[in-house]
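# Fold and contact review
Single-letter residue listing:
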Amino acid sequence: MAERGAAHSTERDRTMSGPRIDGSWIGGHNIQIGDVTGDVAILLERPLFRLEILRPGQPAELPDRVRHQPSYLLHPGSQVVPYRTPTADLARLARWRDGPEDLSVLLLHGPGGQGKTRTAQHFASRAAADGWSVAQARDLTTTAPLLPRADGGTAERLLIVVDYAERWSHPNLLAMLDWTRAAEPARVIRVLLLSRTGTHLWDRLDAELDGFGIASAPPIALSGFSGISGPAREHLFAEATDAFAHALDIPARPWRVPDDLADASYASPLTLHMAALAAVLSADEGTVPTADGVTPRPDTSATPDGSATRPADISRYLLLHEQRAWNAAADTHTMRTLVVLATLFGPFRTRESARRLLLAAAVADSPAEADRALRAHGTLYPAHSHLAPLHPDRFGEDFLGWHLDRDPAAADDLAALLTGDESRGHGLRDGDIRQAMIVLANAARHTSARDLLNRLVFARVDLAESTPDVVLAVAGHLPPAAALLIVMRPSRGVELAHARLELVRSLVAATPADIPALAAIGIRRMYGLELLACGETGQAADVLGEAVRLSQAHLDDAETTDPEELAELLHLYTQALVGHAAPCETVRTTVESIRTLRAERAGRSAADDIHHTNCLAGGLSNYAKSLHDAKDPHSSLRAAEEARELYRELVALGEEQADKALVRTQARISSLMHDLGRFEDAVRTGRPAVDALRRLFADDADTHREHLAVTLYNLALSLEDLGEPQEAAAAMAEAAEHYRYLTQHIPRLFLAEFGSCLFHLAGVYETLHRTGELIGVRLESATVDRQLRDMGLVDDDRRLAITLLLLGQNLEQAGSHRQALSVLTEGLALVPALPAPVPDRMADYVNSTLIRLSRVHNALGDHAAGLVAARDAVGRARLAAPADGTGALDGPLGTLGFALEQLANCLPPKNPEHTAAKTEFMEIFGLGPDDLADALADDADDADEDSVTG
């Protein structure tokens, strides 16, 4: 190790002497993120979340025994070490904050110890100094401290910080963002998400933000000290040692600099600060961190082997220092257990909830004993809540791994607590257990923590499936057997789909290439299923195609290939081929599977025959879908009806799940009847199917939501064609709610269906003249169509253009001229790029839109632009209208008449062009010379009156 003197002590004293917000470090009065300190009150509270308004405040004075603990010195809220971050990160945050959007979201992510909380605190304090209100959002499925209500509102600009965003329940996070959009607690709002993980969290949110009409900026991966090396990094180390020595009242002296300070691990600010703190403590005590704890170092100038100061050794050394305060407690073992529980589950909102945990964990035998333990913990870790966790997070995770390694019985106790029956009254909520699983996953770099995690999954796999974020957190730390345990369970719906896919991908990556054919087929089938569930049909087709070919290559090997399993595999392969192969190819594949099943039916036992019939019925249902995609509705209906008869046989035999499959088949038959123009038959079949699916949905929403959405949508189309717009609107709106939920979780799979649903719902609302609802639906429909375009899921912007043109006309009618101008302009710009053939109605949409656009320009005072739009409308409408001047007035001829009327309205009455336009307009609508004279006289009078008024 090299040695460095106590440099810049004068500068240190100057910068740490008081508040300074305009520099690189904020001391004194500042915004604290996460901890409830200073002036904090509730801005808003809802059942799922709350917003806490934060105001700059001076941290409370704490006794030396607390301030000298490593957990306090390293805690980002303590701000012992001057704040330093690469300028580029703060510059990007500043540009985002000061951007033109009214509401925008940004994700700041990085591994533990990278400086997310310090950066957020610095950013929030700068915002507060610039006149912003600052709030932190809290997920109420985890514990939250009791706080008073805030007095008054917020400033015009509000920054909301969401710490531990990856631990939030996804629906709660969406609810918070949706409320923020709808309630508009401030004129300008920025939502800053902090998370260890970046990709998956942002992938889930990104598509949904557009649906809410919320802007976003690209995520920022916090760079820490990665761009700082050589003398500059040594300066950071010296600055940190000076700061810790000052806080500990230790005289300045040469500090030991790690030989491997250039190593990538020290790009983490926390790792560098831990090394600096260890250097100060070891120099003061004459010891050095080692893998076993500490080694005496009589000669402070000695340079031990660099391996003795690895980050893991440094962490253990600091944990031993942390424990010195625990040793002063009445029961050191109890205090260690309290710190473990706090790290996994804390903090707790009330003493009662913390007391219940201690009793359930057998830390205390009575409420009085539990209270004494809580007071002892609160003395060492004072907070407004109870059982405050050990900070920083990574320090707490290191302690967890170290403690579990030293005390195997602790792992038994935790496993019993987390897997035990809830009737034991441990007081843990779903959010607390979710947090504990994520903390364990983050600590899984330690073998003992990873072993406990695996043990929990084997004992109660549902713990790993509690949320997508838990699945993703544990995925990289599970052995193949534990991962298989999760994946082999039935899917719990769309919420977990992407997380399950990532888990299977990790399993596939760990699978050797030389596994037996049967296992290879099974792995590919499982992978293909999860890809299909996430809408990744192209990749699913490749994977399932490999499985089919491998299975067909082993047809003579009964242990490897079962004909029924091959048929089911072909069914899956067919689903994946849709959209990636010619319809005839999908039909050929389903025909092959059905032939295989029919050939196998003879000579089977009753039990085998039931299973076989089930497979055949499923194959026929799949065949019906393939024929429908191949534009053969008659053959498709026959196949579906044959499947229905087989399911009826199975229901009569008491086959489990056959009744549900029968309902879904009835729904498909209803849809096919609609395609054949048999609307009354479609409604007669579809209504009972919808009723049955609603009952099934009430019992198992995850399984039946998609089928209910599809059936409601098809029923609504049939009702609309039968002239029942009220019932059609109700069914379509219900379908839209289900598709909205499905799209939030798997946009690639459901976004197109959601867009079609909204498009038709808008049409029904227009028929019913429900203008307010119509505008809202068309706004959402346009957003969805833009998303489809951006994701490459549509061939062109035809539907988006139509929606925008119609929406602009609705907005103009409602008097929202500025919004109408933007929408109409966007819609018209899309039309020239549409591929041929452009439908005839598009020309009518464009002409009507130009008329509306002219009115909008006039209403906004831009009469020159209004005249240009009106002349354009007349020119286009004249090309579309019959040359002989005859035709229906509700077609192109009528549109020409209205365009001429608008043109006349844009011109002075005495202008010859005005007179000509007015004359032709009157002729088109069959008005005589007297009517024309009266109209021209009225125009002249209006012009004179306007002149006098002017």
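Below, the structure is looked at part by part. This structure is a prediction, so every number in the text was calculated from the model and none was measured. Along each chain, residue indices are assigned from 1 in the same order as the chain's sequence is written. With pLDDT at 70 or above as the cut-off, local features in this predicted model cover only qualifying residues; side-chain atom pairs require 80 or more to be listed or tallied, and sums for whole chains, interfaces and linings still use all residues. Values shown for side chains rest on all heavy atoms present in the structure; no hydrogens or waters enter the calculation.

### Structural notes on the overall build of the chain
Heads up, the rule is: We count a stretch as a helix when DSSP gives it H or I for four or more residues in a row; a strand needs E for two or more, and each element gets its number in order from the N terminus. We call two residues in contact whenever any of their non-hydrogen atoms come within 4.5 Å of each other.
Along the chain, the regular secondary structure elements total 40 helices and 12 strands. Across the chain, the fraction of contacts at a sequence separation of at least 24, relative to all contacts at a separation of at least 6, is 71%.

### Some thoughts on the packing of aromatic side chains
To keep things clear, this is the line we draw: Stacked, tilted and edge-to-face pairs are distinguished by plane angle, under 30 degrees for stacked and over 60 for edge-to-face with tilted covering the rest, among Phe, Tyr and Trp rings (Trp via its six-membered ring) whose centres lie within 6.5 Å. Note on classification: 1.4 Å probe, protein chains only; a residue is buried when its accessible area is under 20% of the maximum for its type, exposed when over 50%, partly exposed between these limits.
Inspection of every chain in the model, using the stated rule, returns 6 aromatic pairs. On the numbers, 6.2 Å between centres and 50° between planes, the contact of Phe 399 with Trp 402 is tilted. Remark: Trp 402 and Phe 399 occur in helix α14 (residues 393-406); sequence separation between them is 3 residues, near one turn of the helix. The same class applies to Phe 399 and to Trp 402, which are both buried. One aromatic cluster is present, built from ring pairs that chain together Trp 326, Phe 399 and Trp 402.

### Let's talk about the environment of Arg 65
Tracing the chain through its elements places Arg 65 in helix α2 (residues 64-67). Exposure remark for Arg 65: the relative accessible area of 47% places this residue in the partly exposed category.

### Some details on the pattern of salt bridges
Using the following cut-off: A pair is scored as a salt bridge if a Lys or Arg side-chain nitrogen falls within 4 Å of a carboxyl oxygen belonging to Asp or Glu.
All told, the structure shown has 43 salt bridges when counted by the stated rule. Ionic pairing is found between Arg 852 and Glu 812, a salt bridge with its closest N-O pair at 2.7 Å. Separated by 40 residues along the polypeptide, Arg 852 in helix α36 (residues 840-859) and Glu 812 in helix α34 (residues 798-813) bring together distant segments of the chain. Overlapping salt bridges, with partners in common, bring together Arg 351, Glu 352, Arg 355, Arg 356 and Asp 371 in one network.

### So, the environment of Thr 895
In plain terms, the rule: Pairing of N or O atoms within 3.5 Å defines a polar contact, subject to two protein rules: one partner must be a possible hydrogen donor and the other a possible acceptor, and residues neighboring in sequence count only if both atoms are side-chain atoms.
Topologically, Thr 895 is positioned in helix α38 (residues 892-905). Separated by 14 residues in the primary sequence, Thr 895 and Ala 881 have C-alpha atoms spaced 8.2 Å apart. With sequence-adjacent residues up to four places away left out, Thr 895 is seen in contact with Asp 844, Asn 847, Ser 848, Ile 851 and Ala 877. Side-chain polar atoms of Thr 895 contact the side chain of Asp 844, separated by 2.7 Å.

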